[in-house]
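# Fold and contact review
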Amino acid sequence: MVKLSHAHYDLPEEVGGADSAETNFDILYCFQEMLKGFSVRYRFGVITADRADERFADHRVQLQYAFTIFE
């Protein structure tokens, strides 16, 4: 699965936050059969904020395993 997402955060000044935005590109692979419930996600994100010095790229690999305790 491939996903593109965007979020904008409008934070009030009284909490000390600057407005920011994040655009993410995700590639997700879900295993089947013996590894069912296990998935790997690669995320590339670009994060920006009101201040010019707050812009960076983020690379992440996320592992997830969903299992059932009671059936």
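Our subject in this report is the structure included herewith. (Residues numbered from 1 in each chain as written. Predicted model: local features only at pLDDT ≥ 70, side-chain atom pairs only at ≥ 80, totals over all residues. Heavy atoms only, no water.)

Right, let's get into the side chain of D26. Take D26: it is sitting in strand β2 (residues 20-30). Setting aside anything within four residues of it in sequence, one finds D26 in contact with M1, V2, K3, S5, R41, Y42 and R43. (Helix = DSSP H or I, 4+ residues; strand = E, 2+ residues; numbered from the N terminus. Contact = heavy atoms within 4.5 Å.)

With that settled, consider the sheet that holds strand β3 (residues 38-49). Ordered in space as β1-β2-β3-β4, the four strands form an open sheet in which the pairing is antiparallel. Looking at which strands have only one partner, the edges of the open sheet turn out to be β1 (2-9) and β4 (55-65). Taking each pair of neighbouring strands and ignoring which way they run, the sheet shows an average axis angle of 20°. Across eight bridges, β1 lies against β2 in antiparallel orientation. Note that in β2 the partner of A7 across the bridge is E22. (Pairing = 2+ DSSP bridges. Axes fitted to C-alpha atoms, helices over the stretch in contact; angles between N-to-C directions.)

Moving on, we come to the environment of Q62. When you line up the elements, Q62 lands in strand β4. Exposure remark for Q62: the relative accessible area of 31% places this residue in the partly exposed category. (Buried < 20%, exposed > 50% of the residue type's maximum accessible area, 1.4 Å probe, protein only.)

Taken together, the 11 bridges between β2 and β3 define a ladder with antiparallel strand orientation. Bridging across to β3, N24 finds its partner in G45.

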